[in-house]
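Each chain, letter by letter, is given below.
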Amino acid sequence: MTAPPRRRALVTGASEGIGRAFARRLAADGYAVTAVARNEDRLRSLTAGLGPVHRALVADLATPEGIERVGREVEQGRFHLLVNNAGTATSGPFTDVPVASAAAMMRLNCDAVVALAHAFLAGARAGDVLLNVSSTLAFAPMPNLSVYSATKAFVTSFSESLWHEHKDRGVYVVNLCPGMTSTASQPHTGEGVPEALVQTPEQVVAAALTALRQRRRPTVISGRKNTLFAAAMRALPRRTVLGVLGSDH
Ligand SMILES: NC(=O)c1ccc[n+]([C@@H]2O[C@H](COP(=O)([O-])OP(=O)(O)OC[C@H]3O[C@@H](n4cnc5c(N)ncnc54)[C@H](OP(=O)(O)O)[C@@H]3O)[C@@H](O)[C@H]2O)c1
């Protein structure tokens, strides 16, 4: 008896952190994974460890060329699952950060997400899933992470609209909001943050995959503490939120 064809997933930002945890878990669950990032060595070492059916695709998603290359792959590759995970956060007072760096962050965190979502949803079939990685900062304007938190508010609003547009044709769009997650770029250690508030990438991915099985909600917040944080951010007056989050600065 021949095995059924593998389902196919494309994961952006798969060479590190949450994206790498997605790639590993999806491969273990039987998906053929196409892993996207800039660093070819890290991507190849990931896919070599996963096995022969998995692919590395090197692209810089903060550039129009990189977005176009991955968009073509999404259009032509017949993926069942797209994980729009790649994202960066530049911190600091707004005018201390070069505007070119803010623009690159917006291209990666927003433009690439929109372009790849478009490429995916245009050919998606019932049962397919688009998962966009946002953040609990989508619910909270964050002083010194002003552009980053605004990009995540964009991703959340965009993804929730798409959830509604596509649910009746059986295509599930889900907005994943991790809170503080310990990754190479954002270890969240030594920042006076209690360990109990920081999740691992694997915990975030487990929360996402539970949501994919249930297919109920447009937004999934990873972990109970992060759910409470997001609820408080939505309930409190904006001025209070800014006073609390900006109190260190
Ligand atoms: N960690 C947290 O606390 C946290 C909390 C909430 C939300 N998030 C969100 O979760 C997602 C993943 O975060 P993470 O902490 O796992 O990040 P990470 O460990 O820094 O990994 C980022 C991944 O994105 C890739 N990447 C970065 N710039 C890219 C570009 N221009 N083009 C293509 N790929 C690029 C990186 O690989 P290369 O460098 O090789 O390109 C890497 O694979 C992001 O969207 C982030 O905003 C993270």
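Remember, predicted model here, so these are calculated numbers, not experimental data.

The rules behind these values
- Residues numbered from 1 in each chain as written.
- Predicted model: local features only at pLDDT ≥ 70, side-chain atom pairs only at ≥ 80, totals over all residues.
- Heavy atoms only, no water.
- Salt bridge = Lys/Arg side-chain N within 4 Å of Asp/Glu carboxyl O.
- Helix = DSSP H or I, 4+ residues; strand = E, 2+ residues; numbered from the N terminus.
- Near = heavy atom within 4 Å.
- Polar contact = N/O pair within 3.5 Å; in protein donor to acceptor, adjacent residues only side chain to side chain.
- Areas by Shrake-Rupley, 256 points an atom, 1.4 Å probe, with all protein chains shown as cover.
- Nonpolar A, V, L, I, M, F, W, Y, C, P; charged D, E, K, R; others polar.
- Contact = heavy atoms within 4.5 Å.
- Pairing = 2+ DSSP bridges.
- Axes fitted to C-alpha atoms, helices over the stretch in contact; angles between N-to-C directions.
- Phe/Tyr/Trp six-rings, centres within 6.5 Å; stacked < 30°, edge-to-face > 60°.
- Buried < 20%, exposed > 50% of the residue type's maximum accessible area, 1.4 Å probe, protein only.
- Parallel < 35°, antiparallel > 145°, perpendicular 65-115°, else oblique.
- Right-handed = clockwise from strand over helix to strand, strands pointing away.
- Core = buried A, V, L, I, M, F, W, Y, C linked by side-chain atoms within 4.5 Å.

Things to note about the pattern of salt bridges
In total, this model carries 7 salt bridges according to the counting rule given. Put simply, Glu68 and Arg72 hold a salt bridge, and the shortest N to O gap is 3.3 Å. Of this pair, Glu68 and Arg72 both sit in helix H3 (residues 64-76), 4 residues apart, which is roughly one turn of that helix.

Concerning the site of the ligand
Looking at the ligand, there are 32 residues lining it, with Ser15, Asn85, Tyr148, Thr183 and Ser185 nearest. One of the side-chain nitrogen or oxygen atoms of Asp60 is found 2.8 Å away from a nitrogen atom of the ligand. Separating an oxygen atom of the ligand from a backbone N or O atom of Thr181 is a distance of 2.8 Å. Protein coverage of the free-state accessible area of the ligand, which is 880 Å², stands at 95%. Elements represented by at least two residues in the shell around the ligand include exactly helix H1 (17-28) and helix H5 (146-167). For the shell around the ligand, a count of residues per class yields 12 nonpolar, 15 polar and 5 charged.

Remarks on the environment of Ser45
On the secondary structure map, Ser45 appears in helix H2 (residues 40-50). It is 8.8 Å that separates the C-alpha atoms of Ser45 and Ser15, two residues lying 30 residues apart in sequence.

Comments concerning the side chain of Asn109
Along the polypeptide, Asn109 turns up in helix H4 (residues 99-122). A distance of 3.0 Å separates a polar atom in the side chain of Asn109 from the backbone oxygen of Thr88. Looking at Asn109, its side chain comes within polar contact range of the side chain of Thr151, at 3.1 Å. Residues contacting Asn109, with those up to four places away along its chain left out, are Ala86, Gly87, Thr88, Tyr148, Thr151, Lys152 and Val155.

Examining the sheet that holds strand E3 (residues 55-58)
Each strand in a sheet pairs with another by means of backbone hydrogen bonds, the pair being arranged parallel or else antiparallel. The parallel open sheet is built from 7 strands, whose spatial order is E3-E2-E1-E4-E5-E6-E7. Edge positions in the sheet fall to E3 and strand E7 (219-221), since each of these pairs with one other strand and no more. Averaged over all adjacent pairs, the angle separating strand axes in this sheet is 20 degrees, with direction ignored. Where strand E1 (residues 8-12) meets strand E2 (residues 32-37), 5 bridges bridge the pair, whose relative direction is parallel.

A short note on the packing of aromatic side chains
According to the stated counting rule, one finds 1 aromatic pair in the structure shown. Between the aromatic rings of Phe154 and Phe158, the centroid separation amounts to 5.9 Å while the plane-to-plane angle is 20 degrees, which identifies the pairing as stacked. Remark: Phe158 and Phe154 occur in helix H5; sequence separation between them is 4 residues, near one turn of the helix. By relative accessible area, which is 36% here, Phe154 ends up partly exposed.

Observations concerning the packing of H4 against H5
Two elements in contact, H4 and H5, have axes whose closest approach is 9 Å; the angle formed by their N-to-C orientations is 10 degrees. With respect to H5, the axis of H4 lies roughly parallel. Residues Ala102, Met105, Met106, Asn109, Cys110, Val113, Val114, Ala117 and Leu121 of H4 lie in contact with H5, whose contacting residues are Val147, Tyr148, Thr151, Lys152, Phe154, Val155, Phe158, Leu162 and His166. The residue makeup of the contact of H4 with H5, split by class, is 14 nonpolar, 3 polar and 1 charged.

Side note on the pairing of strand E6 (residues 172-177)
For E6, the buried fraction is high: 6 of the 6 residues fall into the buried class. Viewed along the sheet, the connection from strand E5 (residues 129-133) through H5 into E6 turns out right-handed.

Some points on the pairing of E2
Along E2, 6 of the 6 residues are buried, which leaves the element largely enclosed by surrounding structure. Both faces of E2 are covered, namely the face carrying Ala32, Thr34 and Val36 and the face carrying Val33, Ala35 and Ala37. On the question of chirality, the crossover connecting E1 to the parallel E2 by way of H1 is right-handed. Bridge count for E2 against E3 is 4 bridges, and the pairing is parallel. Residue Ala35 lies in a different strand from E3, and its bridge partner there is Ala56. Crossover connection from E2 via H2 to parallel E3: handedness right-handed.

Brief notes about the nonpolar core
Within the largest apolar cluster, 58 residues are counted, with the highest numbers of intra-cluster contacts made by Phe22, Leu26, Leu61, Val70 and Leu131. Looking at this core, the element that brings in the most residues is H4, giving 8 residues. Filtering out sequence-adjacent residues up to four positions away, Leu26 remains in contact with Ala9, Val11, Tyr31, Val33, Leu81, Val83 and Leu209. With 15 residues, the next largest nonpolar core counts Leu137, Ala140, Ala230 and Leu245 among its residues.

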